Amino acid sequence: MSYVLETVCIGVLLVVAVSVVSLLGQVKRTAAGLERFLTESRQDLARIAQDIHATRERLDGLASSAQAALDDIGCLTQSLGLAGRTLKAVEVWALKLLGGLGRGFFQGSGP
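Definitions and limits used
Residues numbered from 1 in each chain as written. Predicted model: local features only at pLDDT ≥ 70, side-chain atom pairs only at ≥ 80, totals over all residues. Heavy atoms only, no water. Helix = DSSP H or I, 4+ residues; strand = E, 2+ residues; numbered from the N terminus. Buried < 20%, exposed > 50% of the residue type's maximum accessible area, 1.4 Å probe, protein only. Areas by Shrake-Rupley, 256 points an atom, 1.4 Å probe, with all protein chains shown as cover. Salt bridge = Lys/Arg side-chain N within 4 Å of Asp/Glu carboxyl O. Patch = residues over 30% accessible without salt bridge, like charges linked within 9 Å, V, L, I, M, F, W, Y side chains within 5 Å.

Engineer: Could you give me a rundown of the overall build of the chain, with the residues and numbers involved?
Structural biologist: Helix and strand content of the chain: 1 helix and 0 strands. Burial statistics for the chain: of 111 residues in total, 0% are counted as buried. Counting every atom, the chain has about 9,900 Å² of accessible surface; 71% of that belongs to carbon and sulfur.

Structure representation (structure tokens):
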């Protein structure tokens, strides 16, 4: 009976040993795959960071251009406002002048 028990124990130990070796091999392959994934992810993240940096720089340039254009538009609207006020002043002056001339003309031509 002890011979059968020893044989069964040895068989069980062999099965356990083979299973452990197989499990360790799978763990090693998984660890290697994880390492490759992490290396690739690190490289991808570095490229993404560079792309984001380049995009931010382009956006900064666009924002500067837009600000300059808005500043130019502000100057233009101020100039147009000044021109409008000047034309209004000229109109008022001309109406006063013409009104005064007209009164003098019609007053002087009477009986």
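Engineer: A description of the pattern of salt bridges should follow, citing residues and the corresponding values.
Structural biologist: Pairing of side chains with opposite charge becomes possible as their charged atoms draw close. Counted according to the given criterion, the structure contains 3 salt bridges. Of the charged contacts, one joins Arg56 and Asp60 as a salt bridge, the two residues approaching to 3.0 Å between their closest N and O atoms. Here Arg56 and its partner Asp60 are both found in helix 1 (residues 2-108), 4 residues apart, which amounts to about one turn of the helix. On the basis of relative accessibility, which here comes to 38%, the residue Asp60 falls in the partly exposed class. For Lys88, the salt bridge is made with Glu91, and the minimal N-O distance between the two is 3.5 Å. One end of the pair is Lys88 and the other is Glu91, both in helix 1 and 3 residues apart, which spans about a single turn. Relative accessible area serves as the criterion here: at 41%, Glu91 is assigned to the partly exposed category.

Engineer: Mind laying out a nonpolar patch on the surface, listing which residues take part and the relevant values?
Structural biologist: A cluster of nonpolar residues, Tyr3, Val4, Val8, Val12, Val16, Val20 and Leu24, forms a patch on the protein surface that exposes about 670 Å² of accessible area. Tracing the chain through its elements places Val4 in helix 1.

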